[in-house]
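In case you want the letters, here they are:
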Amino acid sequence: MVYSGGLKIYSTMNVDVQNAMHKTFEDSENTKLFPKLSGDVQPQAAMVIISPEDGAIRGMVGGVGPKTESLILNRATDTYRQPGSSIKPIAVYGPAVELNLISPGSIIIDEPFSQNGWNPQNWYKGYEGPVTMRRAVERSMNIPAIKTLMQVGVDASFDFLVNKMHFSNITAKDDKYLSPLALGGLTKGVSVKEMAAAYATFANKGIYTQPYMYTKVLDKTGKVILEKEIVNNRVFSEQTADIMTSVLVTTAEGGLGISAKLSNMTAAGKTGTTNDDKDRWYVGYTPYYVGAVWYGYDEPKTVPYSQTSIVAHKLFKSVMNDVHAGLKNKGFKAPSGVSWATICLESGDLAVEGCEKTAYEMFKPGMVPVKECSGVHLAEGENPEGTDPNATPDPNATPDPNATPDPNATPQPSAEPATTPRPEHTPIPIAPAA
Ligand SMILES: [Zn+2]
């Protein structure tokens, strides 16, 4: 019918968005973004852009360079790779906020962790002691992610990913363990399209939409012969989604995502790097578009950190800057239905006189701390382990016998690129609801 009768296919593609993607991904001058570092093998990349309000795919690129053939490998939809730390917001923190287990101002202790011979590390040396959840995301800390996942439980985390956000290659047998769900070392992995759709859930007030590329197909007589049914479901409450957006704005605007920062548009986003540096991700969004980028080799091999650690960030930035040219920087709508309180950044309790490091933070209804800070804080440089009465680990965070670590999981200092993280305890760039 395509070749003889003629069909009208109503695509969701936005030509300007698609052209912006081609411009970046096909640019032969772009050798800085796609250097051949390992022999003569070309590093690859893929990207998907979705409009969050309807879940439609507005643009897609399945590889580097000009498209020369049809029906070839599309790395945006057909390739599944480990998401690394970009899994943390969707598998750990989003579910934890949704289940009223934590808030952005909750304190998690970053300290040595060991379970059944598994000794995960942070990508940076050492431990920061008590940190807020907001900072743990911003710095992509591994130990706080693991501890938070233990509160959520691997069953609930798996349920969010597989049953609510519809990841197709995450299996209970291979992946329902602490290490893959907290740190992203999944056995088969995720596609770029799946990651874009999952983050679009945050951007669309908690509603997941199955991504789609056409709305209807008409035959030559004008009769509708195919109509796309748009399938969606609620994953997070609006408050959870907005809180996660606020946390991811902190990450994108001042944390590890800073090298992806757009020139004239507020964005939320998260980096992802696997433990062996084979897959590099950036997933981010603005009020207009969600973009997911993967960068690596078709035959997985290490992407040298020094030269290409932030290529995914740069691809995101290059395409999204073009896509947003001329659009108003309207920012994200202030969350509605959340409460605000000034908390002590060392205890997570309500700040009192004498608390030096404080922040005005958002909470879901009923989650505002009622306890005032005792005023007892760690002295500068003091070992955080068990010296602060406020710093006792959550008693609920005891190891779940069902949550044994993945036996295949090697200790992973999942190496996040050290760009220019925000200095500790600087004011948080968020605005309270008007
Ligand atoms: Zn205090």
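Calculation rules
Residues numbered from 1 in each chain as written. Predicted model: local features only at pLDDT ≥ 70, side-chain atom pairs only at ≥ 80, totals over all residues. Heavy atoms only, no water. Helix = DSSP H or I, 4+ residues; strand = E, 2+ residues; numbered from the N terminus. Contact = heavy atoms within 4.5 Å. Areas by Shrake-Rupley, 256 points an atom, 1.4 Å probe, with all protein chains shown as cover. Buried < 20%, exposed > 50% of the residue type's maximum accessible area, 1.4 Å probe, protein only. Pairing = 2+ DSSP bridges. Axes fitted to C-alpha atoms, helices over the stretch in contact; angles between N-to-C directions. pLDDT = per-residue confidence, 0-100.

Quick look at the overall build of the protein chain now. Within the protein chain, the secondary structure is distributed over 11 helices and 14 strands. Long-range pairs, those at least 24 residues apart, make up 70% of the contacts in the protein chain with a sequence separation of at least 6. A total of about 18,300 Å² of accessible surface is found on the protein chain, and carbon and sulfur atoms cover 51% of it.

Although it is not a glycine, Asn-100 adopts a positive phi angle of roughly 55°. Within the secondary structure layout, Asn-100 lies in the loop between α2 (88-98) and β4 (107-110). The partly exposed category is assigned to Asn-100, whose relative accessible area is 38%. Unusually for a residue other than glycine, Ser-140 sits at a positive phi of about 50°.

We now examine the sheet that holds strand β11 (residues 279-285). Taken together, the five strands give an open sheet; going across it, the order is β3-β2-β12-β11-β10, and neighbouring strands pair in antiparallel fashion. Two strands lie at the open edges of the sheet, namely β3 (56-61) and β10 (268-273), each paired on one side alone. With strand direction ignored, the average angle separating the axes of adjacent strands in the sheet is 10°. Note that β10 and β11 share six bridges and pair antiparallel. Residue pairing for β11: Lys-270 is matched across the bridge by Val-283. Against the sheet, helix α1 (residues 15-26) contacts β2 (44-51) and β3, and its axis sits at roughly 20° relative to β3.

The next subject is the confidence of the model for the protein chain. Taken as a whole, the protein chain shows an average pLDDT of 85; of its residues, 82% reach a score of 70 or greater. Within the model, pLDDT remains below 50 along residues 383-415, and this stretch shows 63 contacts once partners closer than five positions in the same chain are excluded. With pLDDT under 50 throughout, residues 417-434 is counted as low confidence; its partners more than four residues away or in other chains account for 50 contacts.

Attention shifts here to the sheet that holds strand β1 (residues 8-11). One open sheet accounts for three strands, arranged β1-β7-β8; its pairing is antiparallel. On the outer flanks of this sheet lie β1 and β8 (224-227), each paired with one strand and no other. Across the sheet, the axes of successive neighbouring strands diverge by a mean angle of 15°, strand direction being ignored. Here β1 pairs with strand β7 (residues 214-218) via four bridges, running antiparallel. Within the sheet, the bridge partner assigned to Ser-11 lies in β7 and is Tyr-214.

Further remarks concern the pairing of β2. With respect to burial, β2 is a largely interior element, eight of its eight residues being buried. Here β2 shows two buried faces, one formed by Gln-44, Ala-46, Val-48 and Ile-50 and the other by Ala-45, Met-47, Ile-49 and Ser-51. Relative to strand β12 (residues 290-296), β2 runs antiparallel, the two being bridged by seven bridges. When the sheet's bridge partners are listed, Ile-49 is paired in β12 with Gly-291. Note that β2 and β3 share five bridges and pair antiparallel. For Met-47, the partnering residue across the bridge sits in β3 and is Val-61. Following β2, the chain reverses through four residues before pairing antiparallel with β3; Gly-55 in that reversal takes a positive phi of roughly 75°.

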